Amino acid sequence: MIKVRNLTFKAGKRNLVDNLSFDVKKGELLAVLGANGAGKTTLMKLLCRDIKPDQGEVFINDKAITAYSLTDLAKTRAVLQQHNTLSVSFLVEELVMMGRYVHFDQQPGLHDHEVLKQVMIETGITHLAGRDYNTLSGGEQQRVQLARVIAQIYDNPNACLFLDEPTNGLDLQYQQQIMVLARSMADRGYTVICILHDINFASRFADQIIMLKNGKKVADGTPLSVINTGNIELTFNIKVKLMASEDYDCPLVFPAAAASPHMQGM
Amino acid sequence: MTGKTKYILMLLLVLMIAIMVVSSCIGAVTIRLPELVSMISYHTGLSDQQDFQPQQAAVFFNLRLPRVILGVLIGAALGISGAAIQGLFRNPLAEPGLIGISSGATLFAVMMIVLEIKLFKQLTGIWSFYVLSIVAFIGAGITTTIVYRIAMKNGKTVITTLLLAGLAINALTNAFTGFLTYLANDAQLRSITFWNLGSLGGASWQTVTALLPFVLIPIFGLPLMSKSLNALALGESQAQHLGINVKLVKRIIIVMATMAVGASVALAGIILFIGLIIPHILRMTVTADHRFVIPASAILGAALLTGADLIARTIVAPAELPIGILTAMIGTPVFLYIIISERNKNALR
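Model, not experiment: these values are computed from the prediction. (Residues numbered from 1 in each chain as written. Chains lettered and ligands numbered in written order. Predicted model: local features only at pLDDT ≥ 70, side-chain atom pairs only at ≥ 80, totals over all residues.)

**Considerations on the interface of chain A and chain B**
In step 1: If you look at the interface, chain A gives 21 residues, while chain B gives 18 residues.
In step 2: At the level of elements, helix H2 (70–76) and strand S6 (77–80) of chain A are the ones that each hand at least two residues to the side of chain A that touches chain B.
In step 3: With three residues, the top contributor of residues to the side of chain A that touches chain B is H2 of chain A.
In step 4: Partitioned by chemical class, the residues of the side of chain A that touches chain B number eleven nonpolar, eight polar and two charged. (Contact = placed C-beta atoms within 7 Å. Helix = DSSP H or I, 4+ residues; strand = E, 2+ residues; numbered from the N terminus. Nonpolar A, V, L, I, M, F, W, Y, C, P; charged D, E, K, R; others polar.)

**Observations regarding the sheet that holds strand S8 (residues 191–195) of chain A**
Residues and elements named next belong to chain A.
In step 1: The strand order across the open sheet built from six strands is S6-S7-S8-S3-S9-S10, with neighbouring strands paired in mixed fashion. Each end of this open sheet is capped by a strand with a single partner; those strands are S6 and strand S10 (216–221). The average angle at which neighbouring strand axes cross in this sheet is 15 degrees, direction not considered.
In step 2: Those strands touched by helix H5 (residues 138–153) are S6 and strand S7 (160–164), and its axis lies near 175 degrees from that of S6.
In step 3: Sitting on the sheet, helix H6 (residues 172–187) touches strand S3 (29–34), S7 and S8, and the angle it makes with S8 is about 155 degrees. (Pairing = 2+ DSSP bridges. Axes fitted to C-alpha atoms, helices over the stretch in contact; angles between N-to-C directions.)

**Focus: unusual backbone geometry**
Across residues other than glycine, the phi torsion is negative in most instances, and most of the peptide bonds are trans.
Residue and element names in this part refer to chain A.
In step 1: You will see that Asn61, though not glycine, has its phi angle at about 50 degrees, which is positive.
In step 2: Within the fold, Asn61 resides in the loop between strand S4 (55–60) and strand S5 (63–64).
In step 3: Looking at Asn61, the number of C-beta atoms within 10 Å reads 15, which means it is partly exposed.
In step 4: Despite not being glycine, Asp62 shows a phi value in the positive range, around 65 degrees.
In step 5: You can see Asp62 is positioned in the loop between S4 and S5. (Buried ≥ 20, exposed ≤ 12 C-beta atoms within 10 Å, placed from the backbone.)

Okay, here's the thing in structure tokens:
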């Protein structure tokens, strides 16, 4: 469970994140939407304790993140960042085991090996175990990184999972796989916050959507309640059309005619 | 660590001991293996049989054994700090000599000699070696910190910046060292030349004792950093998210690596490329896991430097080739090979 209260982060005079407050319940997936520069990445950094807010506080399970020790924090939240490059190459199983580093001293224990095996099965990367990470495709690499992050909090169902644009640069199949995994983590009780670009993916997988613009909240609520042309135009400066989806409550979003004045300016 | 890597570590240890034995036996005075065994068992009180010449014992205990041990210590120091520095900078090309650590140590050591610091002149015997080591350590620490600060941006080393910063720092320290050389008298000149070429010729029980703490602390300390170094391969913020205290780890590694390199340079001069090629070979052939690379670099570095010293002191006997020349001759082609293979790897991406 995550509570964010009056979170503000300034860069010079500009507020990159501006007095932001929201809650995410245990077992829910929150999608954060917003145009480039809306403050999504800054928000993620604040949630991870990478940077200190100028005002406000983030609470995980009712405890301020500043009150956590480094290792307790690592056991309570795991982060999948946008860019993951390895300076030296590791085997896939060695890389996933890094997620367990906070749980053992020098050598992994029996339990860590069990978690490793289980996570690799669940993320569908068992067949990659002995492969060199740098020889994998982008989609495979992202799945391996996600497995590492899941392994970190695998035995703490009260933990949080932060995903920063996890589907970036992946083809549709991998995008789908990553989001299904994120969803299944929420279904198992984890609190998941995910920055996304694709509105339809967000409404498909999230319980709650927050739209950001200039560091401020434009909308906050269930997909059905926030996905409308007004909110989207406000957030992304584009006109869109909605189309009812056959098997889902929330409408699909697609760009309006390309010749609209807004689109020409882009 | 898997059974395989444990097995390889054992093999490397056996290799190191074998080279130590061979190096103890070969030289102007030849010692055969049974004589060596008899010497050791006689002096440790295991046997009262004396199956060796007194002259052999004198050579072994006063000259060869301290020299072999000095080689082992310095090789281990260079190998292990090379591995740790490469992990810390997230770059396989980082090397104590290349990025200015060794030249910083040299500058400070030479400064002590040429400027004839009063306190230093009053020190004799082992204390002068200790002070020299500490001063070299400080010099190495300063240059490392400068290069690190310049090369790091947003938690990543920019490789060109790193190498250029190293180049610049090397040029600057060399200029100062050159200036001191210009001021130096004949006796001092000899010592300075010794630093620039690198040699184990100064080996004695005093140098070994002086070097011991500077090498033993990193040898036992740095392997404890292995897990953190693995995590650092992902990036600094990623490592932090995994629960690693990155700031602390960085400080410990820099202090320990410069400690080992600084003291080595103070006592044996600049010996290039050991710290570069040893970890690289191990990563290429076995695994990049620092839990293996760190201790294995110490052992293989010790073995290789002891072996190289054996060649250096026998190849042009009765004269002696400075070992720094030898390691540079062997190391440079390997270095070029690494650059070319890195280039090809990047071209594929």
